Amino acid sequence: IAKAALKAVSEGFPISRGSVSVIPTMMGALCLSSSGSQLLEQMQPIGKFMDSICSERTIPVLQGETPCHLGNQLEELMRHNPSLLDACMKGCVNMANKIPIIMGRIANEHAMQDGSHWTTREGRASNNLTAEAYLLCSLEFLGKLLDPLMSASEHARSFVRNKGIDAVLKLISSREIPQDFSKSEAGKYIILVIGKTAFHSSGSVLEEVIRRTQSLLDTILSRIPLPGVMMEPVLSDSRPDSDLLSLEIHVNLLSGIFGCLRGSSTAAELDNERGIKLIRDIAECYVRLSCQPNTNTVESDKGEAQTM
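For clarity, every value in this text was computed on a predicted model and none was experimentally measured.

### What to know about the overall build of the protein
Then comes step 1: A tally of helices and strands in the protein yields 15 helices and 2 strands.
Then comes step 2: Sequence-distant contacts in the protein: of pairs separated by 6 or more residues, those separated by 24 or more amount to 79%.
Then comes step 3: Surface accessibility of the protein: about 16,200 Å² in total, with carbon and sulfur atoms responsible for 54%.

### Examining the packing of helix H11 (residues 185-199) against helix H13 (residues 242-260)
Then comes step 1: At a minimum axis distance of 8 Å, the contact between H11 and H13 shows a crossing angle of 50°. Looking at the two axes, H11 sits oblique to H13. Where H11 crosses over H13, the two elements pack in a sense that is right-handed. For the pair H11 and H13, contact is made by Ile-191, Leu-192, Ile-194, Gly-195, Lys-196, Ala-198 and Phe-199 and by Asn-252, Leu-253, Gly-256, Ile-257 and Cys-260, respectively.

### Remarks on the pattern of salt bridges
Then comes step 1: Enumeration according to the criterion identifies 10 salt bridges in this entry.
Then comes step 2: Its salt-bridge partner being Asp-243, residue Arg-223 comes within 2.7 Å of it at the nearest N-O pair. With Arg-223 in the loop between helix H12 (204-221) and H13 and Asp-243 in helix H13, this residue pair connects regions lying 20 residues apart in the sequence.
Then comes step 3: On the accessibility criterion, Arg-223 (23% relative accessible area) is partly exposed.
Then comes step 4: Its salt-bridge partner being Lys-277, residue Asp-281 comes within 3.0 Å of it at the nearest N-O pair. Taken as a pair, Asp-281 and Lys-277 lie in helix H15 (residues 273-291) at a separation of 4 residues, close to a single helical turn.
Then comes step 5: Because the salt bridges share partners, they merge into one network encompassing Glu-208, Arg-211 and Arg-212.

### Considering the side chain of Ser-174
Then comes step 1: You can see Ser-174 is positioned in the loop between helix H10 (164-172) and H11.
Then comes step 2: Beyond its immediate chain neighbours, meaning those up to four positions away, Ser-174 contacts Met-103 and Leu-135.

### Here we look at the packing of helix H5 (residues 66-80) against helix H8 (residues 131-149)
To characterise two packed helices, one gives the angle between the axes of the helices and the distance between these axes.
Then comes step 1: Viewed as axis vectors pointing N to C, H5 and H8 meet at an angle of 35°, and their least axial separation amounts to 7 Å. In this structure, H5 meets H8 at a crossing whose hand is right-handed. Taken together, the residues of H8 that come into contact with H5 (itself represented by Pro-67, Cys-68, Leu-70, Gly-71, Asn-72, Leu-74, Glu-75 and Met-78) are Phe-141, Lys-144, Leu-145, Pro-148 and Leu-149.
Then comes step 2: Among the residues making up the contact of H5 with H8, the classes are represented as 9 nonpolar, 2 polar and 2 charged.

### A few points about the environment of Glu-185
Then comes step 1: Structurally, Glu-185 can be placed in helix H11.
Then comes step 2: Counting along the chain gives 46 residues from Glu-185 to Leu-139, while the straight-line C-alpha distance between them is 9.2 Å.
Then comes step 3: In contact with Glu-185, not counting residues within four places along its chain, are Glu-140 and Lys-144.

Thresholds applied
Residue numbering note: each chain is counted from 1, following its sequence as written. In view of the model being predicted, local features appear only for residues whose pLDDT reaches at least 70, and side-chain atom pairs are presented and counted only at 80 or more, with totals across whole chains, interfaces and linings using the full set of residues. The side-chain numbers reported here are obtained from all heavy atoms of the structure, hydrogens and water having been left aside. The numbering of helices and of strands both runs from the N terminus, where a helix is a DSSP run of H or I of at least 4 residues and a strand a run of E of at least 2. Any two residues whose heavy atoms approach within 4.5 Å are treated as being in contact. Shrake-Rupley sampling with a 1.4 Å probe provides the accessible areas, and residues are treated as covered by the protein chains on show and by no other component. Note on geometry: axes are C-alpha line fits, over the in-contact stretch for helices, and angles between N-to-C directions span 0 to 180 degrees. When an angle is under 35 degrees it counts as roughly parallel; over 145 it counts as roughly antiparallel; between 65 and 115 it counts as roughly perpendicular; any other value is oblique. What makes a crossing left-handed is the near helix being turned counterclockwise from the far one by less than a right angle; a clockwise turn instead makes it right-handed. Salt bridge, as used here: a side-chain nitrogen of Lys or Arg that lies within 4 Å of a carboxyl oxygen of Asp or Glu. With a 1.4 Å probe rolled over the protein chains alone, any residue whose accessible area is under 20% of its type maximum counts as buried; one over 50% counts as exposed, and the rest are partly exposed. Polar here means any residue outside two lists: the nonpolar Ala, Val, Leu, Ile, Met, Phe, Trp, Tyr, Cys and Pro, and the charged Asp, Glu, Lys and Arg; Gly therefore counts as polar.

What follows is the structure, given as structure tokens:
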């Protein structure tokens, strides 16, 4: 029975909030016996289970409290069965890595149906969700799932070791990220998860976020004119710049990290040449953006373009 149940999990099963909540409990029950634990290690169902719940058809169904409950159940499963730690965290990382692949498939499906006057029922179902909407739903699910897991140091270190932070930072740097991401439920949870992970990671996460933030600052500052220097504006309010959006998100990540560090090592991390340069460049970027003229144009009553 146990082998048949794990095989069903590995090969696909009807996804619902109830079935997703039951599976970690079932795995925990199997681990109560040595034969059940060996069967879990042999069949490796956790990674396949995580893969099955991140598709564009299932993610919208599993919103709300479902990912939070799943995260708590996986945390309990790993706490009582440390041998499953890496399998669970690798499953979370693989889920994050799979999201861009599914986004690409959704975008391709929409592109193929542009201009088409007919589509199959299956095609209509899969194309109701845009790549941007899927990304936001997936990040909210991932953030809520990881939130309870990152409270334990061994879980956070395994996540970092398996390049989970790289996968999450890649997702939030996507061009499909919505403009209000930092204020969304997904953004709040991702910022909290990054902060918790940084608290347990001996500086590696903070160093990576600082490196990425500085890289964005260097790019943006090279494109914004100094105050008083006459040159054609590069950044326009009419189309928010993707680099500025990424910078906003990364600055919020830094704020979340320092909040989780509780001020204990904030000064030490920034009281060096790299930290001082980061703070000065953030301030200079703000000043330059504040001094930029508004380049939006609107049509006047006479039909002539008027600069506002």
